[in-house]
Amino acid sequence: METLVWSEKFSVHIEEIDNQHKKLFDLYNRVHLFAEDEHDKKRTLKSLMDYASFHFADEEKMMFSVGYPEPEFQRHKKQHKLFVERIVQLQSEPLWTMLDYFREWLLLHVLAEDTKIGRFLEGRGASALN
Ligand SMILES: [Fe+2]
Ligand SMILES: [Fe+2]
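Calculation notes
Residues numbered from 1 in each chain as written. Chains lettered and ligands numbered in written order. Predicted model: local features only at pLDDT ≥ 70, side-chain atom pairs only at ≥ 80, totals over all residues. Core = buried A, V, L, I, M, F, W, Y, C linked by C-beta atoms within 7 Å. Buried ≥ 20, exposed ≤ 12 C-beta atoms within 10 Å, placed from the backbone. Helix = DSSP H or I, 4+ residues; strand = E, 2+ residues; numbered from the N terminus. Contact = placed C-beta atoms within 7 Å. Axes fitted to C-alpha atoms, helices over the stretch in contact; angles between N-to-C directions. Parallel < 35°, antiparallel > 145°, perpendicular 65-115°, else oblique. Left-handed = near helix turned anticlockwise from the far one by under 90°. Nonpolar A, V, L, I, M, F, W, Y, C, P; charged D, E, K, R; others polar.

Caption draft 1: Just the nonpolar core, in detail. Within the largest apolar cluster, eight residues are counted, these being Leu 24, Tyr 28, Val 31, Leu 45, Leu 48, Ala 52, Leu 99 and Phe 102. Secondary structure elements with two or more residues in this core: α1 (15-33), α2 (38-65) and α4 (95-124). Discounting residues that sit within four places of it in the chain, Leu 24 has contacts with Tyr 51, Ala 52, His 55 and Leu 106. Core analysis: the second largest hydrophobic core is formed by seven residues, Val 12, Ile 14, Ile 17 and Leu 121 among them.

Now the structure itself:
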């Protein structure tokens with residue numbers, strides 16, 4: 001089972017979002033670590049999903065506040081929503097099925113979608129953050 005290791009290639013060049021992604025990676029790895037114990041598994045899984053929801057909401061708030069282009073913003077938001085729905089569905093599957101999906105989706109999403117937020121801000125100049 002693979003764990004998640006953050007590296008510079010995952011940077012979206014926005015410190016706050018990078019820090020949240022690092023924390024998500026960390027919480028994901030904790031689920032692995034405690035997967036053998038039923039109680040700890042539930043607890044770590046809940047922390048991971050709670051934090052994922054917080055992160056998505058925060059990222060969406062940031063995109064909105066910097067005037068992220070509307071169709072892209074809606075598409076990105078929808079990806080977050082579909083992911084959460086899929087994870088809920090996968091809770092009736094073996095834990096590893098869910099974790100595999102979580103890991104694959106997160107890596108791809110950060111690289112393909114979240115990095116666009118940083119590029120958008122770079123294009124507008126850093127002042128767009130204030
Ligand atoms: Fe995102
Ligand atoms: Fe993100």
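Caption draft 2: Highlighting the packing of α1 against α2. Packing of α1 against α2 leaves a shortest axis separation of 9 Å and a crossing angle of 165°. Regarding the angle of α1 to α2, the classification is roughly antiparallel. Crossing angle aside, the handedness with which α1 passes α2 is left-handed. Only Thr 44, Leu 45, Ser 47, Leu 48, Tyr 51, Ala 52, His 55, Asp 58 and Glu 59 of α2 make contact with α1, whose side of the interface consists of Ile 17, Gln 20, Lys 23, Leu 24, Leu 27, Tyr 28, Arg 30 and Val 31.

Caption draft 3: Up close: unusual backbone geometry. A positive phi angle, close to 65°, is found at His 13, a residue other than glycine. Residue position: His 13 is located in the segment before α1. The exposure class assigned to His 13 is partly exposed, which follows from the 13 C-beta atoms found within 10 Å.

Caption draft 4: Focus on the environment of Glu 85. Locating Glu 85 in the fold gives a position in helix α3 (residues 70-90). With 21 residues separating them in the primary sequence, Glu 85 and Leu 106 have C-alpha atoms 14 Å apart.

Caption draft 5: View of the packing of α1 against α4. Packing of α1 against α4 brings their axes to within 12 Å, and their N-to-C directions diverge by 175°. If you check the angle between α1 and α4, you find them roughly antiparallel. Within the contact between the two elements, α1 uses Ile 17, His 21, Leu 24, Tyr 28 and Val 31 and α4 uses Leu 99, Phe 102, Arg 103, Leu 106, Val 110, Asp 114 and Ile 117. Considered class by class, the residues forming the contact of α1 with α4 number nine nonpolar, one polar and two charged.

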